[in-house]
Amino acid sequence: MASFTGTYKDELIATANAIAAPGKGILAADESTGTIGKRFAPINVENTQPNRVRYRELLFKTKGLGQYISGAITYEETLFDTATCGTPMVELLKKEGIIPGIKVDKGVQPLFGTNGETVTQGIDDLGKRCAKYYAQGARFAKWRTALKVDVANNCPTDLAIEVAAQDLARYARICQEAGLVPIVEPEIMIDGVHDIQTSVKVQEQVLTTVYKKIQENGVMLEGSLLKPAMVVPGVDAADKSDPTEIAQLTVRTLERCVPGAMPGVTFLSGGISEEDASIYLNEINKVPRKTQTRLTFSYSRALQSSCIKTWKGEAGNVDAAQKQLLARAQANGEASKGEYVPGSQPSDEESLFVKNYVY
Ligand code: 13P
């Protein structure tokens, strides 16, 4: 194993631990220009740069957000943008005590030779870009690979998993050399009809492969974070599973496959509802564990859905939208300690769980 000798060692460890601080998690606000357009469309907001600035400014100026949010992931445009109030976006975050982060992958392309699987782009010039991002104030990064589960078509294939793991490990090492804490995101998408045991099997294979490559590349575990999906059944599965089972299998999978030296695991929400994302995280943090790795959130949709619907692009709705963001941030901050009372904060939709089960 090539051990890590980079100059930023102590800073990386400090940053990773600050992000995974008890009761806090990450606001993922790094939607690409295309993706934010999909979020704006239902509220009839045009996808222009000034509108993207107005929206991200709303998020980052939410008073008190730093109580529950330790880091915010930005898209490159936002990292270099200035808010309408004249303050650089990065400074707005720092004022709230939130560490600025940056999405460094360039999205996915087809992985030829497979049945619709993908490979993430952006490795070639990554070192140079990381230096630029660090100079602008970013202290952590995210790289997302996306793996789909489709049992009938043997997905994810060994090839897709190998390619994803290799790229994640190389990305992580490059980031650490440049002083950015890498968030390693091997997303397993929730689309599909597969049951939860299939998710367990896929997650175990993916995480084991990722951490083998991480070790081979000499990534310093103590200065990195993992961003997985929770172990959930496919969204169209016949058997929905309950939060207790999801929590137990998620914790078991992580303890089996992720080294205990990792300071934090920051789950993505992946399309589950705001309330379910909080309930699942809360249950996860109630499961007795052998390791001390902190288990928290790095949500985009599950933090922003009701906020953006409240905003609707109108200046007069900014306060109410910020209140809504703060409510979900608080819910998830409490859930990261296993202290969330389901339903105690407003959300955009009823929990699927609450509808079907007696909690
Ligand atoms: P969701 O929480 O909406 O899944 O987004 C998290 C993320 O950053 C995906 O890359």
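Heads up: the structure comes first, above all this text.
Residues numbered from 1 in each chain as written. Predicted model: local features only at pLDDT ≥ 70, side-chain atom pairs only at ≥ 80, totals over all residues. Heavy atoms only, no water.

S.K.: Help me out: how do you make sense of the side chain of Gln203 in this one?
M.R.: Looking at the element boundaries, Gln203 is found in helix H8 (residues 196-216). Excluding its chain neighbours within four sequence positions, the residues that come into contact with Gln203 are Ile188, Ala229, Met230, Val231 and Thr253. (Helix = DSSP H or I, 4+ residues; strand = E, 2+ residues; numbered from the N terminus. Contact = heavy atoms within 4.5 Å.)

S.K.: What's the story with the site of the ligand in this structure? I'm lost.
M.R.: The environment of the ligand is formed by Ala28, Asp30, Lys142, Arg144, Glu185, Lys227, Ser269, Gly270, Ser298, Tyr299, Ser300 and Arg301. Between an oxygen atom of the ligand and a side-chain N or O atom of Lys142, the distance comes to 2.5 Å. Here an oxygen atom of the ligand and a backbone polar atom of Ser300 are 2.9 Å apart. Protein chains bury 93% of the 300 Å² of accessible surface belonging to the ligand in isolation. A majority-of-atoms criterion places the ligand in the largest pocket. (Near = heavy atom within 4 Å. Polar contact = N/O pair within 3.5 Å; in protein donor to acceptor, adjacent residues only side chain to side chain. Areas by Shrake-Rupley, 256 points an atom, 1.4 Å probe, with all protein chains shown as cover. 1 Å grid on protein atoms, 1.4 Å probe; cavity = no way out; pocket = protein on both sides within 12 Å on 5 of 7 lines; lining within 4 Å. Sits in = over half its atoms within 2 Å of the grid points.)

S.K.: For this particular structure, what's the right way to read unusual backbone geometry?
M.R.: Glycine aside, a negative phi is what most residues show, and trans is what most peptide bonds show. In this chain, Cys155 is followed by Pro156 through a cis amide linkage whose omega measures 5 degrees. Here Pro156 is to be found in the loop between strand S6 (140-147) and helix H7 (158-177). The phi angle at Asn44 is positive, at roughly 60 degrees, despite the residue not being glycine. Along the chain, the position of Asn44 falls in the loop between helix H2 (33-40) and helix H3 (49-60). Even without being glycine, Ser241 reaches a positive phi, approximately 65 degrees. On the secondary structure map, Ser241 appears in the loop between strand S8 (225-226) and helix H9 (243-257).

S.K.: Would you mind showing me how to read the pairing of strand S10 (residues 294-299) here?
M.R.: As a general feature of sheets, a regular strand has side chains that alternate between the two faces. Of all the six residues making up S10, five are buried; the element is thus mostly covered by neighbouring parts of the structure. As defined by bridge partners, strand S1 (residues 25-29) adjoins S10 across two bridges and the pair is classed as parallel. Among the inter-strand pairings, Ile26 is bridged to a residue of S10, identified as Ser298. (Buried < 20%, exposed > 50% of the residue type's maximum accessible area, 1.4 Å probe, protein only. Pairing = 2+ DSSP bridges.)

S.K.: I would appreciate a short explanation of the packing of H8 against H9 in the present structure.
M.R.: To describe two helices that pack against each other, one gives the angle between their axes and the distance between the axes. Where H8 contacts H9, the axes come no closer than 9 Å and their chain directions differ by 25 degrees. Classified by the interaxial angle, the pair formed by H8 and H9 is roughly parallel. As H8 packs across H9, the resulting crossing turns out to be right-handed. Residues Ile196, Gln197, Val200, Gln203, Glu204, Leu207, Thr208 and Tyr211 of H8 form the contact with H9, whose participating residues are Glu245, Ile246, Leu249, Arg252, Thr253, Leu254, Arg256 and Cys257. For the contact of H8 with H9, a count of residues per class yields eight nonpolar, four polar and four charged. (Axes fitted to C-alpha atoms, helices over the stretch in contact; angles between N-to-C directions. Parallel < 35°, antiparallel > 145°, perpendicular 65-115°, else oblique. Left-handed = near helix turned anticlockwise from the far one by under 90°. Nonpolar A, V, L, I, M, F, W, Y, C, P; charged D, E, K, R; others polar.)

S.K.: What should I look at first to understand the pattern of salt bridges in this one?
M.R.: If you walk through the whole model with that rule in mind, you get 22 salt bridges. Glu187 serves as the salt-bridge partner of Arg144, at 2.7 Å between the closest nitrogen and oxygen. Linking Arg144 in strand S6 with Glu187 in strand S7 (residues 181-188), this pair joins segments that are 43 residues apart in sequence. Put simply, Glu275 and Arg328 hold a salt bridge, and the shortest N to O gap is 3.1 Å. Remark: Arg328 occurs in helix H12 (residues 318-335) and Glu275 occurs in helix H10 (residues 274-284); sequence separation between them is 53 residues. Of the two residues, Glu275 and Arg328, neither departs from the other in class, the shared state being buried. Overlapping salt bridges, with partners in common, bring together Glu162, Lys212, Lys213 and Glu216 in one network. (Salt bridge = Lys/Arg side-chain N within 4 Å of Asp/Glu carboxyl O.)

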